[in-house]
Amino acid sequence: MNIAIVGSGYVGLVTGVCLAHIGHNVTCVDNNPDKVKKLKAGKVPIYEPGLEELLKKYLKNKRLTFSTSIKSASKAATAIFIAVGTPSKKNGDADLTYVENVAREIALAMDSYKLIIEKSTVPAATGKRIERTIKINLPKKFRKGNKITLDFDVASNPEFLREGSALDDFMNPDRVVIGVESKKAEKILREIYRPLKPKMVVTDINSAELIKHASNSFLATKISFANALSKVCDHVGADVLKVAEGMGYDKRIGRAFLNAGIGYGGSCFPKDVDAFIRLSEKSGYSFDLLKEVRNVNEAQAESFLRLIEDKLWIVKGKTIGVLGLAFKPDTDDMRNAPSIGIIQALQQEGAKIKACDPEAVANSKHIFKDITYCKDPYAVAKNCDCLLLLTEWNEFKDLNFSKLAASMNQAILFDGRNFYHDKNLEEAGFEYHGIGRGLKIR
Ligand code: UGA
């Protein structure tokens, strides 16, 4: 099928490359000419394992092309995905300016049947607004009074892929959700995903939009539950890892997303939880449960800082080593990374920061001032007064901990992800502090 994807950011790019991989002819559109030039040359502007290789492959056999023109890309396509950003406004609402602009441009270029599919995470009822925008912007020749003479459909097809494992998530989805209002739209979307043989969930558009917000909010709720639990564990002297394991074997609960730590970050959960709270509020329901999910999340980094202050005693003048800056491993993404607030607070208190990250250093240079970047954890640890593990990169797992400890002024390690729970760091010479591991801290 000929497919256009408008927006070559994270979701658009991965979707475009993967749709080419399963046999479609795809044009990815972006309004940034520099980005399009780089993509045409096979250069991917983000770090996502495996993405650049696949992109190069399908550029070469011409199943994948890039363009700055919505008009030319959508003319050749039957299905047009909208995958532009939906950032947060100051009040937490999703800003749908880009979505509206793209819908208008698609409408102006339409001359035959098109299926317009929203892939961006949007509040419920956005599909209806896209439909209306298209109707009122169609060329005059397709309008007779109030009647539209050109057939088109709008559908919702939310994306559930995670940064760092995006290709695998796309190729092996737990489910593909499609929100449609016509048989024709359903048929086209089924055809697009047929090679993946996925579990299809077919709903109306509003429900599909809500599935995405509800899923992200529920996952955020699980994380905040684990984080709240970690507080109780510290108080009563229990181990949050054991409690999560014991809970997780219950199939109704599951172990995933019960990892306590320094809180969730990234470009999705914080923004989507905010947007869902706002959406509920506007519809007349105050989603207090989600407000508390957000509060618990924000408190995690705070209490991590209090732990560091407590154990370090004086922060001013100390050298603090940071392992990991990205909001999660296998990505260079620094958006809403918990490392930002933690590092900035420690700097404000007068600490000197040394840090390393396998991929996120370039992006973090736009955020932090006065950090000494090092090539690896050993260079970070040298002469430090403590180490913080903030992102659980595989590269940091099996280190020579005795060597690390020996090179430090004070061998104290604060593990913000309970990443080293299975290592005997005390034996290596460290004073070790995890999250919610009450038994160990006492
Ligand atoms: C998330 C969802 O998992 C995807 O399904 C969704 O498609 C995506 O948002 C989106 O809306 O685009 P992502 O933000 O890439 O994906 O990353 P996650 O793996 O979900 O992690 C989010 C944050 O939660 C990270 O900061 C991670 O460290 C944290 N986390 C995750 C925890 O603190 N504890 C956990 O148990 C799991």
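Residues numbered from 1 in each chain as written. Predicted model: local features only at pLDDT ≥ 70, side-chain atom pairs only at ≥ 80, totals over all residues. Heavy atoms only, no water.

Draft legend 1. Spatial organisation of the packing of aromatic side chains. Inspection of every chain in the model, using the stated rule, returns eight aromatic pairs. Between the aromatic rings of Tyr 264 and Phe 269, the centroid separation amounts to 5.8 Å while the plane-to-plane angle is 85°, which identifies the pairing as edge-to-face. For Tyr 264, a relative accessible area of 8% translates into the label buried. Their ring planes at 55° and their centres at 5.6 Å tell us that Phe 276 and Phe 287 sit as a pair that is tilted. Note that Phe 276 is positioned in helix H11 (residues 269–282) and Phe 287 in the loop between H11 and helix H12 (288–312), a separation of eleven residues in sequence. For Phe 276, a relative accessible area of 9% corresponds to the buried category. Here a set of aromatic residues connected by ring pairs shows up, and it is made of Phe 257, Tyr 264 and Phe 269. Lying across the ring of Phe 160, Arg 175 places its NZ or CZ 3.6 Å from the centre. The ring of Phe 419 carries the charged tip of Lys 397 above its face, separated from the ring centre by 4.4 Å. (Phe/Tyr/Trp six-rings, centres within 6.5 Å; stacked < 30°, edge-to-face > 60°. Buried < 20%, exposed > 50% of the residue type's maximum accessible area, 1.4 Å probe, protein only. Helix = DSSP H or I, 4+ residues; strand = E, 2+ residues; numbered from the N terminus. Lys NZ or Arg CZ within 6 Å of the ring centre and 35° of its normal.)

Draft legend 2. Looking closely at the packing of helix H9 (residues 205–236) against H11. The interhelical angle for the contact between H9 and H11, taken along N-to-C directions, is 115°, at an axis separation of 9 Å. Of the two elements, H9 crosses H11, and the hand of that crossing is left-handed. Residues Leu 210, Lys 212, His 213, Ala 214, Asn 216, Ser 217, Leu 219, Ala 220 and Ile 223 of H9 form the contact with H11, whose own contacting residues are Phe 269, Asp 272, Val 273, Ala 275, Phe 276 and Leu 279. (Axes fitted to C-alpha atoms, helices over the stretch in contact; angles between N-to-C directions. Left-handed = near helix turned anticlockwise from the far one by under 90°. Contact = heavy atoms within 4.5 Å.)

Draft legend 3. Region of the structure containing helix H8 (residues 183–193). Looking at H8, one finds that the buried residues are Ala 185, Glu 186, Ile 188, Leu 189, Ile 192 and Tyr 193. In a view along the axis of H8, the buried residues occupy a sector of 165°, so they form one face of it. For H8, the exposed residues lying more than 90 degrees away from the buried face are Lys 183 and Lys 187. (Arc of directions from axis to C-beta.)

Draft legend 4. Structural detail: the UniProt feature "domain: UDP-glucose/GDP-mannose dehydrogenase C-terminal" (unreviewed entry) in the protein. Residues given the UniProt feature "domain: UDP-glucose/GDP-mannose dehydrogenase C-terminal" (unreviewed entry) here are residues 321–422. The straight-line gap between the two end C-alpha atoms of residues 321–422 is 21 Å; of that span, 25% is helix and 19% is strand. (UniProt positions renumbered as here; feature names shortened; annotations may be inferred.)

Draft legend 5. Up close: the sheet that holds strand S12 (residues 352–356). As summarised here, the arrangement of the six strands in space is S13-S12-S11-S14-S15-S16, forming an open sheet in which the pairing is parallel. The open sheet has two free edges, formed respectively by strand S13 (371–373) and strand S16 (431–433), since each of these has just one partner strand. Strand after strand, the sheet turns through a mean of 20° between neighbouring axes, direction not considered. Two elements, strand S11 (residues 319–323) and strand S14 (residues 386–389), share four bridges in a ladder whose sense is parallel. Bridging from a neighbouring strand, Ile 320 pairs with Cys 386 of S14. Sheet strands in contact with H12 are S11, S14, strand S15 (412–415) and S16, and its direction is about 170° off that of S15. Lying over the sheet, helix H13 (residues 338–348) contacts S11, S12, S13 and S14, oriented at roughly 155° with respect to S12. (Pairing = 2+ DSSP bridges.)

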